[in-house]
Amino acid sequence: MNNKLIMPPKFNKNQVVYFIGGVGIILDFQADSDTWKYAVEMEKVAECHIGRIGDETTIYLHEADIYGVVN
């Protein structure tokens, strides 16, 4: 049995964060192994260089993949 204690999440719902693929808003988060996984809706842009399906895309990122909060 794994008795590791998970740290509280660094980010909260509705925070605007940045990461290697751009900027987005945190929709939700949940514990995932010994870290947190965040559902992030990428900001709406007219044209994107990473090839999205629609105007906005929701992605899942681990806490280490999020660089910080946009002020």
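Structure's up top.
First, a word on scope: everything that follows refers to the structure included in this document.

### Side note on a nonpolar patch on the surface
A grouping of V16, Y18, I20, Y67 and V70 is seen on the molecular surface, where their side chains present a nonpolar patch of about 500 Å² in accessible area. When you line up the elements, V16 lands in strand β1 (residues 16–19). Judged by its relative accessible area of 33%, V16 is partly exposed.

### Looking at the nonpolar core
Soluble globular proteins: nonpolar side chains tend toward being buried together. One finds F11, V17, F19, I26, W36, Y38, V40, M42, L61 and I66 forming the largest nonpolar core, which totals 10 residues. Within the residue set of this core, elements represented by two or more residues are β1 and β3 (35–42). Broken down by element, the residue count for this core peaks at 4 residues, all from β3.

Cut-off values and rules
Residues numbered from 1 in each chain as written. Predicted model: local features only at pLDDT ≥ 70, side-chain atom pairs only at ≥ 80, totals over all residues. Heavy atoms only, no water. Patch = residues over 30% accessible without salt bridge, like charges linked within 9 Å, V, L, I, M, F, W, Y side chains within 5 Å. Areas by Shrake-Rupley, 256 points an atom, 1.4 Å probe, with all protein chains shown as cover. Salt bridge = Lys/Arg side-chain N within 4 Å of Asp/Glu carboxyl O. Helix = DSSP H or I, 4+ residues; strand = E, 2+ residues; numbered from the N terminus. Buried < 20%, exposed > 50% of the residue type's maximum accessible area, 1.4 Å probe, protein only. Core = buried A, V, L, I, M, F, W, Y, C linked by side-chain atoms within 4.5 Å.

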